[in-house]
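# A structural walkthrough
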Amino acid sequence: MRVNKYLYLYVVQGNYGYGHGWEDEAASESYKEARSDLRDYRNNGPGAYRMIERREPNPNYGGE
C-alpha cells in the first residue's frame, strides 16, 4: 500500500484580537468534522474564526 508524503488537514483558527494573530483551535482530516467544529466555535465563542487547509509531512512516509 502506498503512503502519501503529506497529511492534508483542515484547521480551525481563532483570532481573539489580543495582538497574537490567528491561533489553531482544532484540526481534522475530515472536511465535514472541521466544518462542524467551525460552526460550534462561531456559535459559542468570542472572536473571529476561519478554516484553512494545511499540508504537513507524513511521519509514516518512508521516502519511497
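This text gives an overview of the structure that appears in the document. All chains use their own residue numbering, which begins from 1 and follows the written sequence. It should be noted that, the model being predicted, local features are given only for residues of pLDDT at least 70 and side-chain atom pairs only at 80 or more, the latter also being counted only at that level, while totals for whole chains, interfaces and linings use all residues. Excluded from the side-chain calculations are hydrogens and water; all other atoms, namely the structure's heavy atoms, are used.

### Observations regarding the overall build of the chain
Convention followed: What counts as a helix is a DSSP run of H or I of at least four residues, what counts as a strand is a run of E of at least two, and both are numbered from the N terminus. Radius of gyration: C-alpha atoms only; globule rule: 2.2 Å multiplied by the number of residues to the exponent 0.38. Relative accessible area decides the class of each residue, using a 1.4 Å probe on protein chains only: under 20% of the type maximum gives buried, over 50% gives exposed, and in between gives partly exposed. Should any heavy atoms of two residues lie within 4.5 Å, those residues are counted as being in contact. In this description, accessible areas are obtained by the Shrake-Rupley approach with a 1.4 Å probe, and a residue is regarded as covered only by the protein chains that are shown.
In terms of helices and strands, the chain carries one helix and three strands. The order of helices and strands in the chain, counted from the N terminus, is β-β-α-β. Over its C-alpha atoms the chain spans a radius of gyration of 14 Å, topping by over 25% the 11 Å that the globule rule assigns to 64 residues. Taking the principal axes of its C-alpha atoms as reference, the chain extends roughly 45 × 25 × 10 Å. Here the chain, with 64 residues, has 17% of them falling under the buried criterion. Expressed as a percentage of contacts within the chain between residues at least 6 apart in sequence, the contacts between residues at least 24 apart total 55%. In the structure as shown, the chain presents an accessible area of about 5,000 Å², 44% of it carried by carbon and sulfur atoms.

### Digging into helix α1 (residues 31-44)
Let me state the cut-off plainly: Expected helix span is given by 1.5 Å per residue-to-residue step, counting one fewer step than there are residues. Within 3.5 Å is the distance limit for a polar contact, defined as a pair of N or O atoms, with the added protein rule that one can donate a hydrogen and the other accept it, and that residues adjacent in sequence qualify only through two side-chain atoms.
Given a rise of 1.5 Å per residue, 14 residues ought to cover 20 Å, and the 20 Å separating the end C-alpha atoms of α1 matches this to within 8%. The N-cap residue of α1 is S30: its side-chain oxygen and the backbone nitrogen of K32 are 3.4 Å apart.

### Some thoughts on the sheet that holds strand β2 (residues 23-28)
For clarity, the threshold we go by: Two strands are said to pair when DSSP picks up at least two bridges between them. Axis definition: a line fitted to C-alpha atoms, over the contacting stretch in the case of helices. Angles run 0 to 180 degrees between N-to-C directions.
Taken in spatial order, the three strands of this open sheet run β2-β1-β3, and their pairing is antiparallel. Looking along the sheet, the strands with just one partner apiece sit at the ends: β2 and β3 (48-57). Geometrically, the sheet is characterised by an average inter-axis angle of 30° between neighbouring strands, direction not taken into account. Note that strand β1 (residues 6-15) and β2 share five bridges and pair antiparallel. Bridge pairing in β2 places V12 opposite A26. Strands β1, β2 and β3 of the sheet are contacted by α1, whose axis makes an angle of about 150° with β3.

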